[in-house]
Amino acid sequence: MNVLKLNTLLLIINFTFLCVSCKSETNKNEAIKDSDFNKEWLFKKDSIVNAETINFDDSNWQQVNLPHDWSIEGPFDSKYNARTGGLPVHGIGWYRKHFTIEKELQGKQVAIEFDGAMSNAKVYLNGKYIGERPYGYIGFEFDLTKHINFGGNNVIAVRLAPEDLSMRWYAGAGIYRNVRLKINNAVHIPQWGTYITTPKVENGNAEVNIETTIKNSSNSTVNALLETVIKDENGTVVATKTSKTNVQANSESVVSTISQISNVTLWGINASYLYTAHSSIKIDNTIVDEYTTPFGVRTIEFNTKDGFLLNGKKVRFNGVCMHHDLGPLGAAVNYRATERQMQIMQSMGVNALRTSHNPPSPEMLQVCDKLGIVVIDEAFDEWKIGKVPNGYHKYFDEWHEKDLRDMIKRDRNHPSVIMWSIGNEILEQGKKDGWKLTKHLTDICHDQDNTRPTTIGFNYYPAPFVNKLANYVDIVGMNYWPTTYSKIIEENPEMIVYGSETSSQTSSRGIYHLPIEFKEKHETNHVSSYDVTVGPPWAYAPDIEFDAQTQSPNSLGEFVWTGFDYLGEPTPYGGRDNSTNGYWNDDWPSRSSYFAPVDLCGFPKDRYYLYQSQWTTKPMVHVLPHWNWEGEEGKLIPVYSYTNCDEVELFVNGKSYGKKVKGKDFTEIPSEYHHFEKGMYKTKYRLSWNVPYQPGSIKVVAYKNGKEAATKEIKTAGKPAKIKLEADRSIITANGEDLSFITITVLDENGNICPKANNLINFDIKGEGTLAAVGNGDQTSMASFRVPHRKAFSGKCLLVVKSTETAGTIHIKASSDNLESTSISIETK
Ligand code: GAL
């Protein structure tokens, strides 16, 4: 049971104003310190009658901490839809939490804030219905004050009812984002109560406009003093503003201030810099509320001549679309797992994210703010016309305006957010009067925030241009139509265009099928990593998009589908038609996507290096396939190399097979992009050789300006003999949330990676850590993510360990039959 003891903070002042907690709009640490309401919940997955009542017997319910995703625990089963991951994502689930609030807090405003609950949440306090929110991706807050039992026991109950056939991907299920209990004085800054813009940034100085909402829930008018102090990253005060205002009883008033920051440090790509606005409200010289808002100073501009300008400089999007799951960890939000995803993306050269197709977690935007990645914040995958029987269209009429406004209010202070996407492939784009809804949604965005443009990811051409729907968004995103960028601009010179979804190439890490073909399906349910077009009919090799972007210099860039493999939508296995309403289980056990250059565990596939060769400048070179072709001796094996240098030389067992020059030597790859002729595509982004297989090694040497700049070598491995453990971080925070990601690689006795190893690795975890998840990136594995063992897939698997709240050491031992065991320790501080 949680007891909210605020004795130390109780300052009884003649009126009932107390400073009970500092709230923070987006600063994770403060929010958790002051109002974390995630611990000690009880959970039961069942449709239970009267589970909201105070005296309901929940003694046999499961104890859980939030964020919690009930469906990731599995089991995978073909009775669930493979399209949503083959996991139990639907059904009724109840959460209850008992807590007390001290009597002295009588008179306070008590609210509960959910960053998101999946889905169809209904919230009850002490048996009383408080409110509901159908959309699982939206943050919401309910006022509990009226029904709180001050000085006694309280029970909050949340009923969730995610429906089958309500999503086109794995959404998770449960209270999967953070929850806070907020205790405020009658006068306070409410949820999302600040709006910060920086309209003028000139000569090293920035004008900072802050609109602060002050809410007065008391029955008398108050005279409030708002003080806003802006601090830089070192905590140095760079600006201070005070203003007085009268706030009428039971109403809100908005105070606008303008501050100046001189010698301003700008926020940029890979160059984050965040200021913090500390707002406090004083009444009669006593602080009654404090609120902090991190923000960045940057300018954004979109125009037909230069495209997208960040701080006055042209930036092209090397972007990815991402769904919100964290692979083997499921949908339950975790800051470190989110940060790791985006760090891996950044190492591939990514500078932009599209949060397909829903509002992201607050943590994702914090991460993008921190890493310097720009974001298209997307609201909806469906409007009024559904794509799946129980999709958002059922709720659109009643909820779209509130959901859209709330997304913008929550996210508008993030410097990373540069556009509001009002929809993905919405089916209204083909309708004659679809423009009306488009205009309506764009108007809502402009009304809520006039500093960012709106966009849509269109997948029809030319329909939305003929019916003029595309004229009602500010920026036109095209999904899988690289052939149209220039055409659209030519025909509509006022339009600004980019590739909102590109490629949809599929592959399985470390799997190569020879000869190279685009045969769609294999018995193993894997897809070859030679990365020639395999996917849905609209898919095409990344190379085609690279060419399209080069040929359309006015396009703002691209967003690859997707950055990470995600749970669900296992195209090309099991289903490929987005209009299919049924189950995608024809090719069971395929249960997760094949689309990304990085697998579900975050391990790069070969395609990761293809993007790196286009999107990064630090010299790199990559070579594929592996070099273990036992029984194929003497046969010709196609060898591909990806580089950002000028030329590459291939050596097999020390013998040169010659240099290939990037831009001069082409590779022909089979392509079946449906908007082109089916046939061979000549790509300049891959250098290739056909060499007779002989065991030993293949080595590529990349040259820049005639000098050796990067090399990579792959050796033929012998039998699996050892296990290698590598932790991404060997010191983590002892807060019960932080994670260390440990990569397990199977090696032969000489330390070479065994590219086909599938040994079962057992983990023994002791000390101040627990198992968070295991995985191996195999899209067909039915093994649980929550057990202390995992088979390697193409030589690798992943173990994720979580700290406890006690500082110490996590000892991890990995063992396997016939392999030498290995240990590793992680410190928690
Ligand atoms: C797009 C859709 C995405 C995903 C992708 C797979 O049409 O917007 O959500 O389904 O296809 O290729």
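About the cut-offs
Residues numbered from 1 in each chain as written. Predicted model: local features only at pLDDT ≥ 70, side-chain atom pairs only at ≥ 80, totals over all residues. Heavy atoms only, no water. Helix = DSSP H or I, 4+ residues; strand = E, 2+ residues; numbered from the N terminus. Rg over C-alpha atoms; globule rule 2.2 N^0.38 Å. Buried < 20%, exposed > 50% of the residue type's maximum accessible area, 1.4 Å probe, protein only. Contact = heavy atoms within 4.5 Å. Areas by Shrake-Rupley, 256 points an atom, 1.4 Å probe, with all protein chains shown as cover. Core = buried A, V, L, I, M, F, W, Y, C linked by side-chain atoms within 4.5 Å. Near = heavy atom within 4 Å. Polar contact = N/O pair within 3.5 Å; in protein donor to acceptor, adjacent residues only side chain to side chain. Nonpolar A, V, L, I, M, F, W, Y, C, P; charged D, E, K, R; others polar. Pairing = 2+ DSSP bridges. Axes fitted to C-alpha atoms, helices over the stretch in contact; angles between N-to-C directions. UniProt positions renumbered as here; feature names shortened; annotations may be inferred. Phe/Tyr/Trp six-rings, centres within 6.5 Å; stacked < 30°, edge-to-face > 60°. Lys NZ or Arg CZ within 6 Å of the ring centre and 35° of its normal. Salt bridge = Lys/Arg side-chain N within 4 Å of Asp/Glu carboxyl O. Parallel < 35°, antiparallel > 145°, perpendicular 65-115°, else oblique.

### A short note on the overall build of the chain
Helix and strand counts for the chain stand at 9 helices and 48 strands. Relative to the compact-globule value of 28 Å for 829 residues, the chain shows a C-alpha radius of gyration of 27 Å, a close match. Classification of the 829 residues of the chain by burial places 62% in the buried group. Residue pairs in contact within the chain that sit at least 24 positions apart in sequence constitute 71% of those at least 6 positions apart. Of the roughly 30,500 Å² of accessible surface on the chain, 47% is carried by carbon and sulfur atoms.

### A look at the nonpolar core
Grouped together as the largest cluster of nonpolar side chains are 128 residues, with contacts concentrated most on Phe302, Phe317, Met342, Met345, Leu404 and Met478. Counting 31 residues, the second largest nonpolar core, distinct from the first, contains Phe114, Ile148, Leu160 and Ile183.

### What to know about the site of the ligand
Around the ligand, the structure places 14 residues, and the nearest of them are His357, Glu425, Ser504, Trp538 and Glu569. Measuring from an oxygen atom of the ligand, one finds a side-chain N or O atom of Trp538 at 2.8 Å. For the shell around the ligand, a count of residues per class yields 5 nonpolar, 5 polar and 4 charged.

### Looking at the sheet that holds strand β27 (residues 454-458)
Taken in spatial order, the 8 strands line up as β23-β24-β25-β26-β27-β28-β29-β30 and close into a barrel, and their pairing is parallel. Between one strand axis and the next, the sheet turns by 25° as a mean value, whatever way the strands run. Pairing of strand β28 (residues 475-479) with strand β29 (residues 497-503), which is carried by 4 bridges, proceeds in the parallel orientation. Across the sheet, residue Met478 finds its bridge partner in β29, namely Gly499.

### So, the UniProt feature "domain: Glycoside hydrolase family 2 catalytic" (unreviewed entry) in the chain
Those residues carrying the UniProt feature "domain: Glycoside hydrolase family 2 catalytic" (unreviewed entry) are residues 305-487 in this numbering. The span residues 305-487 shows a helical share of 36% and a strand share of 20%, and its end C-alpha atoms are spaced 15 Å apart.

### Considering the UniProt feature "domain: Glycosyl hydrolases family 2 sugar binding" (unreviewed entry) in the chain
In the UniProt entry, the feature "domain: Glycosyl hydrolases family 2 sugar binding" (unreviewed entry) is given for residues 89-181. Taken end to end, residues 89-181 is 0% helix and 44% strand, and its first and last C-alpha atoms sit 27 Å apart.

### Re the packing of aromatic side chains
Ring pairs (aromatic) are described by centroid distance and by the angle formed between their planes. For the structure shown, the criterion picks out 39 aromatic pairs. Measuring from centroid to centroid gives 5.2 Å for Phe37 and Phe99, while their planes differ by 90°, and the two rings are edge-to-face. Of this pair, Phe37 sits in the loop between α1 (28-35) and β3 (41-44) while Phe99 sits in strand β5 (residues 93-101), placing them 62 residues apart in sequence. For Phe37, a relative accessible area of 1% corresponds to the buried category. Three or more aromatic residues joined by ring pairs form one cluster here, namely Tyr135, Tyr137, Phe380, Tyr392 and Phe396. The cationic tip of Lys682 hangs over the ring face of Phe666; the distance from NZ or CZ to the ring centre is 5.5 Å.

### A closer look at the environment of Gln614
Relative to the helices and strands, Gln614 is located in helix α9 (residues 606-615). Here the alpha-carbon distance between Gln614 and Asn644, two residues 30 residues apart in the chain, equals 6.4 Å. Those residues in contact with Gln614 that sit more than four places away from it in its chain are Phe546, Lys662 and Tyr685.

### Focus on the pattern of salt bridges
In this structure the tally under the stated criterion is 39 salt bridges. In this structure, Asp306 and Lys305 form a salt bridge, with 3.5 Å as the shortest nitrogen-oxygen distance. Since its relative accessible area comes to 24%, Asp306 is described here as partly exposed. Judged by its relative accessible area of 63%, Lys305 falls in the exposed class. Across the salt bridge formed by Arg729 and Asp738, the nearest N and O atoms sit 2.5 Å from each other. Classification of Arg729 as partly exposed rests on a relative accessible area of 25%. The network of salt bridges with shared partners includes Glu113, Asp115, Glu141, Arg180 and Lys182.

### Describing the packing of helix α2 (residues 335-348) against α9
Contact pair α2 / α9: the axes reach a minimum separation of 8 Å and the direction vectors enclose 60°. Taken together, α2 and α9 sit at an angle that is classed as oblique. Taking contact as the criterion, the partners of Ile344, Ser347 and Met348 in α2 are, on α9, Tyr608, Tyr611, Gln612 and Trp615. Split by residue class, the contact of α2 with α9 holds 5 nonpolar, 2 polar and no charged.

### A closer look at the environment of Val255
Assignment of secondary structure puts Val255 in strand β17 (residues 251-261). A relative accessible area of 7% places Val255 in the buried class. Measuring from C-alpha to C-alpha, the distance between Val255 and Gly434 comes to 38 Å, with 179 residues separating the pair along the chain. Apart from residues no more than four positions distant in its own chain, Val255 is found in contact with Ile210, Glu211, Thr212, Ile214, Leu226, Ser243 and Thr245.

### Overview of unusual backbone geometry
Residue Pro462 is reached from Tyr461 by a cis peptide bond, and omega for that bond is 5°. Tracing the backbone through its elements, the reader meets Pro462 in the loop between β27 and α6 (463-466). We note that Trp192 has phi near 55°; this positive angle belongs to a residue other than glycine. With respect to the secondary-structure elements, Trp192 resides in the loop between β12 (187-188) and β13 (194-202). Note on Trp192: relative accessible area 11%, which makes it buried. Unusually for a residue other than glycine, Asn653 sits at a positive phi of about 45°.

### Quick notes on the pairing of strand β7 (residues 121-125)
Across the 5 residues of β7, 4 count as buried, placing the element largely inside the fold. In this structure, β7 lies alongside strand β8 (residues 128-133), joined through 5 bridges in antiparallel fashion. Note that in β8 the partner of Lys122 across the bridge is Glu132. The hairpin turn running from β7 into β8, its antiparallel successor, is 2 residues long, and Asn126 in that turn takes a positive phi close to 50°. Note: β7 against strand β10 (residues 153-160), 4 bridges, orientation antiparallel. Paired with Leu125 across the bridge in β10 is Ile156.

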